Amino acid sequence: MRARAKRAGAVVTMAAVMTAGLGALASPASAQTQETGLVLYSGKTPVAHYPAPTGSCEPVPPTADLLIGWSNVQQTLFYYTTDCSGWEVGLGTLRTFGQGEFKSFRAY
């Protein structure tokens, strides 16, 4: 009888954990904080935020490996040089890349 009670308790606990977790995943986007502009991340940590990109040449933080253009960003052009010259690579608004791969960028 005790084994059955422990198993039932474990099932109830797991159901509560799953319900809470799924509830958090299903929360509406409006309830979550939304970024604006362009954000560069290192993993899940923001390392640079450009709320209103102007297309000017900006340095890429050496640890950045992800870009997300949240709003008012149509395109990002990344460069292998520090002065936005030479070969450009269009990465769009949601993309991962290698740390240190690019040295500068322009966002529109």
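Our structure's up above, just so we're on the same page.
Undergrad: I keep staring at the sheet that holds strand β3 (residues 58-59) and nothing clicks. Help me out?
TA: In space, the four strands of this open sheet follow the order β3-β8-β5-β6, with antiparallel pairing throughout. Unpaired on one side and paired on the other, β3 and β6 (88-90) mark the two borders of the sheet. In this structure, strand β5 (residues 76-79) lies alongside strand β8 (residues 104-107), joined through four bridges in antiparallel fashion. Its bridge partner lying in β8, T76 is registered against A107.

Undergrad: Just to check I follow, could you spell out the sheet that holds strand β7 (residues 94-96) for this structure?
TA: The strands making up a sheet are joined through hydrogen bonds of the backbone, oriented either antiparallel or parallel. Strands sit in the order β2-β1-β4-β7 across an open sheet of four strands; the sheet is antiparallel. The open sheet has two edge strands, β2 (45-50) and β7, and neither has a second partner. Each strand axis lies, on average, 15° off the axis of its neighbour in the sheet, ignoring direction. Two elements, strand β4 (residues 66-69) and β7, share three bridges in a ladder whose sense is antiparallel. Within β7, the position partnered with I68 by the bridge is L94.

Undergrad: Any chance you could explain unusual backbone geometry here in plain terms?
TA: One can expect most non-glycine residues to show negative phi and most peptide bonds to be in trans. Its identity as a non-glycine residue notwithstanding, N72 has a phi of 50°, on the positive side. When its relative accessible area of 46% is taken as the criterion, N72 is described as partly exposed. A positive phi angle, close to 55°, is found at C84, a residue other than glycine. Among the secondary structure elements, C84 is positioned in the loop between β5 and β6. The exposure class of C84 is buried, given its relative accessible area of 9%.

Thresholds, definitions, all that
Residues numbered from 1 in each chain as written. Predicted model: local features only at pLDDT ≥ 70, side-chain atom pairs only at ≥ 80, totals over all residues. Heavy atoms only, no water. Pairing = 2+ DSSP bridges. Helix = DSSP H or I, 4+ residues; strand = E, 2+ residues; numbered from the N terminus. Axes fitted to C-alpha atoms, helices over the stretch in contact; angles between N-to-C directions. Buried < 20%, exposed > 50% of the residue type's maximum accessible area, 1.4 Å probe, protein only.

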